[in-house]
Amino acid sequence: MGRTAVFLVALVLTVPAAAMTIRGAGTFNCGTWTSDHSAQPKDLKIAIETAEIEQWVLGYMVGHAAESGLDVLKDVDGSGIKAAMDQECAKTPLSRIDEAADRVILELFARMPHAAKN
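Thresholds, definitions, all that
Residues numbered from 1 in each chain as written. Predicted model: local features only at pLDDT ≥ 70, side-chain atom pairs only at ≥ 80, totals over all residues. Heavy atoms only, no water. Helix = DSSP H or I, 4+ residues; strand = E, 2+ residues; numbered from the N terminus. Polar contact = N/O pair within 3.5 Å; in protein donor to acceptor, adjacent residues only side chain to side chain. Contact = heavy atoms within 4.5 Å. Axes fitted to C-alpha atoms, helices over the stretch in contact; angles between N-to-C directions. Parallel < 35°, antiparallel > 145°, perpendicular 65-115°, else oblique. Left-handed = near helix turned anticlockwise from the far one by under 90°. Nonpolar A, V, L, I, M, F, W, Y, C, P; charged D, E, K, R; others polar. Core = buried A, V, L, I, M, F, W, Y, C linked by side-chain atoms within 4.5 Å. Buried < 20%, exposed > 50% of the residue type's maximum accessible area, 1.4 Å probe, protein only. Salt bridge = Lys/Arg side-chain N within 4 Å of Asp/Glu carboxyl O.

> Help me understand the side chain of Glu 88 in this model?
Its place among the elements puts Glu 88 in helix α4 (residues 78–91). Within polar-contact distance, the side chain of Glu 88 engages the side chain of Arg 103 at 2.5 Å. Not counting residues up to four positions away in its chain, the partners in contact with Glu 88 are Ala 100, Arg 103 and Val 104.

Following this line, the structure appears as structure tokens:
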């Protein structure tokens, strides 16, 4: 069951972009994520945009977790997600935020204890 669940989640997350329309902050590129998170001190506009993007990512990941029926976010907090997104966006600054979030959530699914069983 464990490998099957991870496979199904991977399959859902790798469906071509044309099959699913993304709206909101997920359509921004990773360059926006990186520049917003490195801006010091933040002005109000950047602070609002940063919060919007972070909340979009968390909601996107919760949606994937709910769809899978697996509590992949149980032991991860918002700071951990932010750090993983920082790393992913630093590696792929031209990716869209939803693409980077997909890679982070796939990593979280792969780290679940059930992934090593079966």
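> Where do I start with the packing of helix α2 (residues 30–38) against α4 in this structure?
Packed helix pairs are specified by the crossing angle of their axes together with the interaxial distance, meaning the distance between the axes. It is at 9 Å that the axes of α2 and α4 come closest, and there the two elements cross at 125°. Considering their axes alone, α2 and α4 lie oblique with respect to each other. Crossing of α2 against α4: the hand is left-handed. In this structure, α2 contributes Cys 30, Trp 33, Thr 34 and His 37 to the contact, and α4 contributes Lys 82, Met 85, Asp 86, Cys 89 and Ala 90. Grouping the constituent residues of the contact of α2 with α4 by class yields five nonpolar, two polar and two charged.

> Help me understand the nonpolar core in this model?
When a protein is soluble and globular, its nonpolar side chains tend to lie buried together. Within the largest apolar cluster, 24 residues are counted, with the highest numbers of intra-cluster contacts made by Val 57, Met 61, Val 72, Leu 73 and Met 85. For this core, the secondary-structure elements that each account for two or more residues are α2, α3 (44–68), α4 and α5 (97–111). Once you skip the residues sitting within four places of it in the chain, Met 85 turns out to touch Trp 33, Val 57, Met 61, Ile 97, Ala 100, Ala 101 and Val 104.

> What is the right way to read the pattern of salt bridges from this model?
Pairs can form between side chains of opposite charge once their charged atoms are near each other. On inspection of all chains with the given rule, the structure shows five salt bridges. Arg 103 is the partner of Glu 88 in a salt bridge, and the nearest nitrogen-oxygen pair spans 2.5 Å. Here Glu 88, found in helix α4, pairs with Arg 103, found in helix α5; they are 15 residues apart in sequence, far enough to count as distant. For Arg 103, a relative accessible area of 31% gives the class partly exposed. Close ionic contact of Glu 107 with Arg 111 constitutes a salt bridge, the shortest N to O distance being 2.5 Å. Of the two residues, Glu 107 and Arg 111 both sit in helix α5, four residues apart, roughly one turn of that helix. Taking relative accessible area as the criterion, Glu 107 reaches 39% and is therefore assigned partly exposed.

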